[in-house]
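Commentary on secondary and tertiary structure
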Amino acid sequence: MEIVLIVLVIAAVALLVLRSKKNSAASAETALADAKADARQSIERLGGQVYNLIGTDTPSKQALADASERNIAAGSQIDQATTPEQARLAKQTALEGLYYIRAARLAMGMDPGPEVQGIDGQQQAGRVTEERKVDFEGREIAASPDPSDRTPNYYPGGRVAGRPVPAGWYSEPWWRPALVAGAWGMGSMFLFSAMFSGMAGVPADTAAGSDGDSGTDDMGGNEENGAMDDGGMDDGGMGDMDMGGFDF
């Protein structure tokens, strides 16, 4: 009799474990499906804008080129997503693209359209609120809150290689070397300080060239991206897509 009871108890426990695993697997599949559906809404919205707009000047053409690149990257990322977090990062890439769309529309004197959901690190990075010019490594780098032939490169704000880069228009994508290498150069703190120090709208940590966490340079990988391939782009992995991005 005791043996029968033991067998029944073991069978009941096994059944509960099996049911629990099935429920967990079903929940995981549902979470992934929901995250993918959410990301695809932003990706489809971005795709529609990319194919319906044509730039009329250098800033708008550059912003649309960046938006198109993010559209391709987001599509590749969502196709490869196997976790809700990876799907979320694909959405972040698409949201970045939508900010570039807004920038292009503003550069062309058009209504920017509906507001776009914030991206990772954007609020902490701040934004350019005045024109600045800095001599850095033998060249002049300019920043402005407005697009112009002198500042045709837009950045929506976010983190690059662990550091916040303010939203604004720049004479060149000076954050690109850090994006590619995953770390900032030795002179980057001077650049941040000279470019953003005392600027309203830019937090003190950003102006000081801090990583915003420990107050030291982040020499690790790019937090703008995650761990999976984004379709041929060297993103250093898909960690944090606020991604500021993929300005290649």
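Summary of the structure given here.

What counts and what doesn't
- Residues numbered from 1 in each chain as written.
- Predicted model: local features only at pLDDT ≥ 70, side-chain atom pairs only at ≥ 80, totals over all residues.
- Heavy atoms only, no water.
- Axes fitted to C-alpha atoms, helices over the stretch in contact; angles between N-to-C directions.
- Helix = DSSP H or I, 4+ residues; strand = E, 2+ residues; numbered from the N terminus.
- Parallel < 35°, antiparallel > 145°, perpendicular 65-115°, else oblique.
- Left-handed = near helix turned anticlockwise from the far one by under 90°.
- Contact = heavy atoms within 4.5 Å.
- Nonpolar A, V, L, I, M, F, W, Y, C, P; charged D, E, K, R; others polar.
- Pairing = 2+ DSSP bridges.
- Core = buried A, V, L, I, M, F, W, Y, C linked by side-chain atoms within 4.5 Å.
- Buried < 20%, exposed > 50% of the residue type's maximum accessible area, 1.4 Å probe, protein only.
- Salt bridge = Lys/Arg side-chain N within 4 Å of Asp/Glu carboxyl O.

**Describing the packing of helix α1 (residues 2–52) against helix α2 (residues 58–80)**
With their axes 10 Å apart at the nearest point, α1 and α2 run at an angle of 150 degrees to one another. Here α1 lies roughly antiparallel to α2, going by the angle between them. When you trace α1 past α2, the crossing you get is left-handed. Only A67, S68, R70, N71, A74, G75, I78 and D79 of α2 make contact with α1, whose side of the interface consists of K36, A39, R40, I43, L46, G47, V50 and Y51. Here the contact of α1 with α2 is composed, by residue class, of eight nonpolar, four polar and four charged.

**A closer look at the sheet that holds strand β2 (residues 139–144)**
Sheets are built from strands that pair by backbone hydrogen bonding, the pairs being arranged parallel or antiparallel. In spatial order, the strands read β1-β2-β6-β3; together these four strands make up an open sheet with antiparallel pairing. In this open sheet, the two strands that pair with only one neighbour each are β1 (132–136) and β3 (153–155). When the angles between neighbouring strand axes are averaged without regard to direction, this sheet yields 25 degrees. Where β3 and strand β6 (residues 168–170) come together, three bridges link them in antiparallel fashion. For Y155, the partnering residue across the bridge sits in β6 and is G168. Strands β3 and β6 of the sheet are contacted by helix α3 (residues 84–107), whose axis makes an angle of about 135 degrees with β3.

**Things to note about the packing of α2 against α3**
In the contact formed by α2 and α3, the axes pass within 8 Å of each other and the chain directions differ by 165 degrees. What the angle tells us is that α2 and α3 run roughly antiparallel. Remark: the crossing between α2 and α3 carries left-handed chirality. A per-class count over the contact of α2 with α3 returns 16 nonpolar, six polar and three charged.

**Describing the nonpolar core**
If you look at the biggest cluster of nonpolar residues, it comprises 50 residues, and the most contacted ones within it are V160, V165, Y170, W174, W175, W184 and F196. Counting residues per element, this core draws most heavily on α3, at 11 residues. Excluding residues that lie within four positions of it along the chain, Y170 makes contacts with V128, A142, A143, T151, P152, N153, Y155, V165, W175 and F196.

**So, the pattern of salt bridges**
As enumerated under the stated definition, the model contains 10 salt bridges in all. Linking R132 and E130 is a salt bridge whose minimum nitrogen-to-oxygen distance equals 3.0 Å. Overall, the relative accessible area of 32% leaves E130 in the partly exposed class. Each of the salt bridges in this network shares a partner with another, and the network as a whole consists of E69, R70 and E96.

**Here we look at the environment of K61**
Relative to the elements of secondary structure, K61 occurs in helix α2. Between the C-alpha atom of K61 and that of P152, which follows or precedes it by 91 residues, the distance is 8.8 Å. Among residues more than four places away in sequence, those in contact with K61 are G55 and T56.

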